[in-house]
Amino acid sequence: MFKNLGFQEYLSIGYLYLLILGVVSESIFYRMLGLNILQFASLSDILIAPLTLLVSHWLIPLSLFGMIVVLFILTKLSEKFNAKHDKEQSVNLLVLCSAFIFFGFFVGIELGRGSKQKSLIDEGKTQPNYLITFDNGQAQKVKVIGQNSTYLFYVPENSKKLIITLIDGNVKRMEVL
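The text that follows walks through the structure, step by step, so that each part is easy to find. (Residues numbered from 1 in each chain as written. Predicted model: local features only at pLDDT ≥ 70, side-chain atom pairs only at ≥ 80, totals over all residues. Heavy atoms only, no water.)

1. Side note on helix α1 (residues 7-32)
In a regular helix each residue adds 1.5 Å, so 26 residues correspond to 38 Å; α1 covers 38 Å between its end C-alpha atoms and thus fits that length. Among the residues of α1, those classed as buried are L21, G22, S25, E26, F29 and Y30. (Helix = DSSP H or I, 4+ residues; strand = E, 2+ residues; numbered from the N terminus. Expected span 1.5 Å × (residues − 1). Buried < 20%, exposed > 50% of the residue type's maximum accessible area, 1.4 Å probe, protein only.)

Pasting the structure below:
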């Protein structure tokens, strides 16, 4: 399956996979909050979304690495006990299963994050994590839900509304609380 592919083909497949993973995961999270993120995001925001989620908490890459190691061990055991499988077939199976694991893992995380944020916003239980100072001098405590290269998505303290604002020309400073 992947035997005759060159570097450019691998790069193209990886780019396409990252694009699909970014669109699906970001769309799921923001759709649960009532937003169509594709209206607010650029291509680079979508491509980088899975990577930012991957490094957002140490447990996420550790979990994915553990799943891949287990899959690798199972593939090696399958080769050892079943002589019908050749090495190329095992590698192809490992790559495909890893792709499905990543996809399911990211979709599951975004479903969980989206439903939790939605319920916290609806109940008014969001805890401010930033103090935003706007260009007009006004400061406001907010819970930042997300951010991309152009927009900031946040919920003000004691509010049940998600607000979207342009970063450029509106936000002067953000302080972590």
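2. Let's talk about the nonpolar core
Core analysis: the largest hydrophobic core is formed by 10 residues, namely F29, Y30, L33, L35, I37, F40, I121, I145, F153 and V155. Not counting chain neighbours up to four residues away, the residues in contact with Y30 comprise L35, I37, I145, G146, Q147 and F153. (Core = buried A, V, L, I, M, F, W, Y, C linked by side-chain atoms within 4.5 Å. Contact = heavy atoms within 4.5 Å.)

3. Side note on the side chain of S159
Along the chain, S159 falls in the loop between β3 (151-156) and β4 (163-166). The class for S159 is buried, based on a relative accessible area of 18%. Within the structure, S159 has its side chain in polar contact with the backbone nitrogen of K161 (distance 3.2 Å). Residues in contact with S159, not counting those within four places in the same chain, are I121, G124 and T126. (Polar contact = N/O pair within 3.5 Å; in protein donor to acceptor, adjacent residues only side chain to side chain.)

4. Re the layout of surface pockets
For the largest pocket, the calculated volume is near 550 Å³. Contributing to the lining of the largest pocket are 26 residues, with Y30, R113, I145, G146 and Q147 lying nearest its centre. Within the residue set of the lining of the largest pocket, elements represented by two or more residues are α1, α2 (43-54), α4 (87-123) and β2 (139-147). Take the lining of the largest pocket: its biggest share by element is six residues, from α2. Of the residues in the lining of the largest pocket, the class split is 13 nonpolar, eight polar and five charged. Here the second largest pocket is characterised by a volume of approximately 350 Å³. (1 Å grid on protein atoms, 1.4 Å probe; cavity = no way out; pocket = protein on both sides within 12 Å on 5 of 7 lines; lining within 4 Å. Points joined across faces, edges and corners; volume = space filled by probe spheres on them. Nonpolar A, V, L, I, M, F, W, Y, C, P; charged D, E, K, R; others polar.)

5. As for the side chain of T133
Its location among the elements puts T133 in strand β1 (residues 130-134). Look at T133 and you get buried, because its relative accessible area is 12%. If we ignore the near neighbours within four places in the chain, the residues touching T133 are Q138, A139, V171, K172 and R173.

6. So, the packing of aromatic side chains
Tallied over the full model, the rule gives six aromatic pairs. An angle of 85 degrees between the planes, with centres 5.1 Å apart, marks the rings of F40 and Y151 as edge-to-face. Of this pair, F40 sits in the loop between α1 and α2 while Y151 sits in strand β3, placing them 111 residues apart in sequence. When the ring of F105 is compared with that of F106, the centres are 6.4 Å apart and the planes differ by 85 degrees; the resulting orientation is edge-to-face. Pairwise contacts between aromatic rings join F29, Y30, F40, Y151 and F153 into one cluster. Of note, R113 hangs over the ring of F29, and the distance from its end group to the ring centre comes to 4.1 Å. (Phe/Tyr/Trp six-rings, centres within 6.5 Å; stacked < 30°, edge-to-face > 60°. Lys NZ or Arg CZ within 6 Å of the ring centre and 35° of its normal.)

7. What about the packing of α1 against α2?
At a minimum axis distance of 7 Å, the contact between α1 and α2 shows a crossing angle of 90 degrees. Between α1 and α2, the interaxial angle falls into the category roughly perpendicular. On α2, the residues that touch Y15, L18, L19, L21, G22, V23 and E26 of α1 are L43, I46, L47, A49 and P50. For the contact of α1 with α2, the class distribution of residues is 10 nonpolar, one polar and one charged. (Axes fitted to C-alpha atoms, helices over the stretch in contact; angles between N-to-C directions. Parallel < 35°, antiparallel > 145°, perpendicular 65-115°, else oblique.)

8. Some words on the pattern of salt bridges
By the definition in use, this model includes four salt bridges. With a shortest N-O distance of 3.6 Å, K125 and E123 are connected by a salt bridge. Residue K125 is classed as partly exposed on the basis of its relative accessible area of 49%. (Salt bridge = Lys/Arg side-chain N within 4 Å of Asp/Glu carboxyl O.)

9. A short note on the environment of N170
One can find N170 in the loop between β4 and β5 (171-176). Taking relative accessible area as the criterion, N170 reaches 29% and is therefore assigned partly exposed. Distance from N170 to G137, taken between C-alpha atoms, is 10.0 Å for residues 33 residues apart in sequence. Excluding residues within four positions of it along the chain, N170 makes contact with F134, D135 and T165. Here the side chain of N170 touches L166 through a polar contact of 3.1 Å, landing on its backbone oxygen.

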